[in-house]
Amino acid sequence: MVNEQDMNRTIPLASPNIGEEEIKLVNEVLLSGMLVQGKFVMELEDLVAKEIGVKHAICVSNGTATLHLILLALGIGPGDEVIVPAFSYIATANVVELVGATPVFVDIEERTFNINPKLIEASVTSRTKAIIVVHEFGLSADMDQIQAIVNQYQIPLIEDAACALGAEYKTKKTGSFGIAGSFSLHPRKAITSGEGGIVTTNDDYLAEKIRVLRNHGLNYQNGKMDFIEAGFNYRMTDIQAALVIPQFKRLPEIIKKRNQLAQLYHSYIDSDSILLPFVPEGHLHTWQTFHLISSSSEQRDFLIKELNQLGIGSNYGAQCIPATTFYLEKYHCDLSKYPNAMIAFQRGLALPLYEKLDMSDIEYITYYLNQLTHVA
Ligand SMILES: *Cc1c(COP(=O)(O)O)cnc(C)c1O
């Protein structure tokens, strides 16, 4: 168990694992003088498309730009509605606002924190132009049920797989189910390029449109350069791509390690007042976040504060988006429609989980967590 010399560890909530190989490749870019969207971005796009099992992977500047570009390329704008889960990182809804469309929130399942497929149908209207499904914390949503609904109503399915690079649903990779998938490479995710995002799609038209929009609207036709859209600069640099390529090649190992750590949490957490995360059959979880539900918001706040004071990083997991000031004031949302999102928002907390942790770190964290849950 935890002994004296173990005291005073500092364990952040997340920490990237950057090694020799990453530094060597980044150095190569720096010395080459070719810093933006070059051969390493192309290599990363090839690697990701192959691994996810899609025709196109398009690297961009972050995992919000990905979603913004997908919505624009689908032609979604003012007057349109996009269904999103009520519980996610705020960016999932913000991108709908950014294109002038209206987010329509749907509550989540209590145990998986993913959108509840049974509640989607009631939110479909003639103005519904897309649904963004989030694979929350790295666990795939229930894709059989969701695909049945989007097929029935002919709604384009977008996957916000920001946390779910490498996750699987019935052996198929997330990011390959919908018209487009979106990944983030922010340092809070399992692998990182500092900032970065990747769009995946099998749709040639969408891929081409996103490539053009990513780079100022630039298009080459018959060897001639022209600008055919008022586009963005949402490019990824080669520095970012070089940083993440070695990590991407290790991704299966990284996910395996994260699953081992999650398993240790499951066996060491011993508290009646804590609900552990649940993984249904047929899923490969990436465990981007190990997310618990405590017995009350007071207990949650107490645990986060005490753990942080002990040097153990902890924070809430994600937002009930309709309960945040912007959405509450704009749409006067009836929060009683999102009971599970409110529970996750008010009583959820995340514990440290990343590749560099080992068994003794999990012992250390859960030793204190178990003590704290017995006093609170
Ligand atoms: C991290 C995250 C994003 C945003 O990604 P960035 O790269 O930080 O822009 C979007 N959606 C979800 C679900 C996320 O977890």
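Calculation notes
- Residues numbered from 1 in each chain as written.
- Predicted model: local features only at pLDDT ≥ 70, side-chain atom pairs only at ≥ 80, totals over all residues.
- Heavy atoms only, no water.
- Helix = DSSP H or I, 4+ residues; strand = E, 2+ residues; numbered from the N terminus.
- Rg over C-alpha atoms; globule rule 2.2 N^0.38 Å.
- Buried < 20%, exposed > 50% of the residue type's maximum accessible area, 1.4 Å probe, protein only.
- Contact = heavy atoms within 4.5 Å.
- Areas by Shrake-Rupley, 256 points an atom, 1.4 Å probe, with all protein chains shown as cover.
- Pairing = 2+ DSSP bridges.
- Expected span 1.5 Å × (residues − 1).
- Salt bridge = Lys/Arg side-chain N within 4 Å of Asp/Glu carboxyl O.
- Core = buried A, V, L, I, M, F, W, Y, C linked by side-chain atoms within 4.5 Å.
- Axes fitted to C-alpha atoms, helices over the stretch in contact; angles between N-to-C directions.
- Parallel < 35°, antiparallel > 145°, perpendicular 65-115°, else oblique.
- Left-handed = near helix turned anticlockwise from the far one by under 90°.
- Nonpolar A, V, L, I, M, F, W, Y, C, P; charged D, E, K, R; others polar.
- Patch = residues over 30% accessible without salt bridge, like charges linked within 9 Å, V, L, I, M, F, W, Y side chains within 5 Å.

S.K.: Please set out the overall build of the chain residue by residue, giving values where relevant.
M.R.: Counting its secondary structure elements, the chain contains 12 helices and 16 strands. Taken over C-alpha atoms, the radius of gyration comes to 21 Å for the chain, in line with the 21 Å a tight globule of 376 residues would show. Split into buried and exposed, the 376 residues of the chain put 56% on the buried side. When contacts within the chain are restricted to residue pairs at least 6 apart in sequence, long-range pairs at least 24 apart make up 70% of them. Summed over all atoms, the accessible surface of the chain reaches about 16,200 Å², with 52% contributed by carbon and sulfur.

S.K.: Quick rundown of the environment of N62? Include the residues and the values.
M.R.: Note on placement: N62 falls in the loop between β1 (56-60) and α3 (65-73). With relative accessibility at 22%, the residue N62 sits in the partly exposed group. Taking the C-alpha atoms as reference points, N62 and T289, 227 residues apart in sequence, are found 19 Å from one another. Setting aside anything within four residues of it in sequence, one finds N62 in contact with E195, G196 and G197.

S.K.: Describe the sheet that holds strand β7 (residues 168-169), with residues and values.
M.R.: With antiparallel pairing, three strands are arranged side by side in an open sheet as β8-β7-β13. Both edges of this open sheet fall to β8 (172-173) and β13 (283-284), since each of them pairs with a single strand only. Judged from the two bridges that link them, β7 and β8 form a sheet pairing that is antiparallel. Bridging from a neighbouring strand, Y169 pairs with K172 of β8.

S.K.: Run through helix α9 (residues 297-309), naming residues and quoting values.
M.R.: Taking 1.5 Å as the rise per residue, α9 with 13 residues should run 18 Å; its terminal C-alpha atoms sit 18 Å apart, in good agreement. At the exit of α9 stands G311, carrying a positive phi of roughly 90°.

S.K.: Describe in detail the pattern of salt bridges, supporting the description with residues and values.
M.R.: Counting across every chain of the model gives 18 salt bridges. Residue R250 is joined to E22 by a salt bridge in which the shortest nitrogen-to-oxygen separation is 3.4 Å. Placement of R250 in the loop between α7 (238-249) and α8 (251-268) and of E22 in helix α1 (residues 20-32) is noted, with a sequence separation of 228 residues between them. Judged by relative accessible area, E22 falls into the buried class, the value being 3%. Note that K249 and E43 form a salt bridge whose closest N and O atoms lie 3.6 Å from each other. Of this pair, K249 sits in helix α7 while E43 sits in helix α2 (residues 39-52), and the two are 206 residues apart along the sequence. Among the residues examined, K249 registers a relative accessible area of 51% and is labelled exposed. If you follow the salt bridges from partner to partner, you end up with E22, R250 and E355 in one network.

S.K.: Before we move on, can you summarise the nonpolar core with the specific residues and values?
M.R.: Among soluble globular proteins, nonpolar side chains are generally buried collectively. Of all hydrophobic cores here, the largest spans 44 residues; its most connected members are L71, V82, F87, V96, F105, I132 and I210. Only β1, α3, β2 (81-85), α4 (91-98), β5 (128-134), α6 (204-214) and α11 (339-347) provide two or more residues apiece to this core. Considering each element in turn, this core owes the most residues, six residues, to α3. In terms of nonpolar packing, the next biggest core, distinct from the first, is built from 30 residues, A49, A164, L165 and A167 among them.

S.K.: Go over unusual backbone geometry, please, and point to the residues and values.
M.R.: Even without a glycine there, the phi angle at H216 is positive, about 65°. On the basis of relative accessibility, which here comes to 37%, the residue H216 falls in the partly exposed class. Its identity is not glycine, yet N222 carries a phi of approximately 50°, on the positive side. Looking at where N222 falls in the secondary structure, it is placed in the loop between β11 (218-221) and β12 (224-227).

S.K.: So what about the environment of L30? Which residues, and what values?
M.R.: Assignment of secondary structure puts L30 in helix α1. Overall, L30 belongs to the partly exposed group, its relative accessible area being 45%. L30 sits 208 residues away from D238 along the chain, and the two C-alpha atoms are 9.0 Å apart. L30 has contacts with L35 and I239, leaving out every residue within four places of it along the chain.

S.K.: Explain the packing of α1 against α7 to me, and be specific about the residues and the numbers.
M.R.: Their axes nearest at 8 Å, the elements α1 and α7 cross at an angle of 155°. Regarding the angle of α1 to α7, the classification is roughly antiparallel. In this structure, α1 meets α7 at a crossing whose hand is right-handed. On α7, the residues touching E21, E22, L25, V26, V29 and L30 of α1 are D238, I239, A242, L243, I245, P246 and Q247. Here the contact of α1 with α7 is composed, by residue class, of nine nonpolar, one polar and three charged.

S.K.: Could you give me a rundown of a nonpolar patch on the surface, with the residues and numbers involved?
M.R.: Nonpolar side chains collect at one region of the surface, where L30, L31, L35 and V36 lie side by side and expose about 390 Å² of accessible area between them. You can see L35 is positioned in the loop between α1 and α2.

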